[in-house]
Structures are given as C-alpha cells and as structure tokens.
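# Analysis of the macromolecular model
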Amino acid sequence: EGYKKCIDIAHRKGAKMYLCTILPCKRMLTYCNDRNGLREKVNEWIRTNDYIDGYIEFDKAVADKDDPAIMALEFDCGDTLHPNENGSMALCNAVPEHIYKD
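Read on for a plain summary of the structure. (Residues numbered from 1 in each chain as written. Predicted model: local features only at pLDDT ≥ 70, side-chain atom pairs only at ≥ 80, totals over all residues. Heavy atoms only, no water.)

### Examining helix α4 (residues 85-94)
The line we're drawing: Summary of the burial criterion: residues with accessible area below 20% of their type's maximum are buried, those above 50% are exposed, and those between are partly exposed, where the area comes from a 1.4 Å probe applied to protein chains only. Under the DSSP-based scheme used, a helix requires at least four consecutive residues in state H or I and a strand at least two consecutive residues in state E, with every element numbered from the N terminus. Arc, as used here, means the arc of the directions from the helix axis to the C-beta atoms. Should any heavy atoms of two residues lie within 4.5 Å, those residues are counted as being in contact. Two N or O atoms count as a polar contact when they lie within 3.5 Å, although within protein this holds only if one can serve as hydrogen donor and the other as acceptor, and sequence-adjacent residues are included solely when both atoms are side-chain atoms.
Of all the positions in α4, only Gly87, Ala90 and Leu91 are classed as buried. An end-on view of α4 places all buried positions within 100° of arc, on one side of the element. Along α4, exposed side chains directed more than 90 degrees from the buried face belong to Glu85, Cys92 and Asn93. Close packing links the buried residues of α4 with α3 (58-62). By the N-cap criterion, in which a side-chain oxygen at the helix start approaches the backbone nitrogen of a residue two or three places on, α4 is capped by Asn84, the distance to Asn86 being 3.0 Å.

Next comes the structure, spelled out in structure tokens:
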C-alpha cells in the first residue's frame, strides 16, 4: 500500500514512476527463507502491477547465474548486500534507455 500511495502522489504531480527490483541477498548473515520469499513477492509485484510506468531488473543484473538468490561475487562489495563498482555499473547498464530519456 505504501508503494501505491507514493505512485499515486507522483502521478498526480505529473511524474512517471519506475521501480527497481530488490537485489539478491541470500548470503547475508541474517538471511532466512522468509526474507527471500518476501523479496521475491515484492519483485513479482513490481513486475506485474498496473500502477507504475515501468521497472528495472536490478536483481537480474547482478544475480549469480547458478543461484539467482545471491549476488554474483564479481558484483559484491564484500558484505553480500551492496554492489561494488562493477555491480553499480551493471545496475546502470540495466536501466532501459527510454527511462532516462523520458
């Protein structure tokens, strides 16, 4: 509901609203299946809702090819949650051109 409220406010002001999927974070020390399940539910909502103007696949941009619930080591800053420079560049490259030209 919080997302919907923010999206509604943005649209009333004439702004477009794009959301990014939540990055994989399975390696975190505080990780549990419920948290990843919630991440997956939110990402699915981002991909399928009718409220936003589009979305960016950040999770897929940095996911490990063998286990998409974790960030690939080449993109991990070392804390298993935040991207390093290569990961940040992968996120930048995941933004479709039409979004930043709008």
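### Observations regarding the environment of Asp50
With respect to the helices and strands, the residue Asp50 is situated in the loop between α2 (33-48) and β2 (54-56). Residues Asp50 and Ala15, 35 residues apart in the sequence, show an inter-C-alpha distance of 16 Å.

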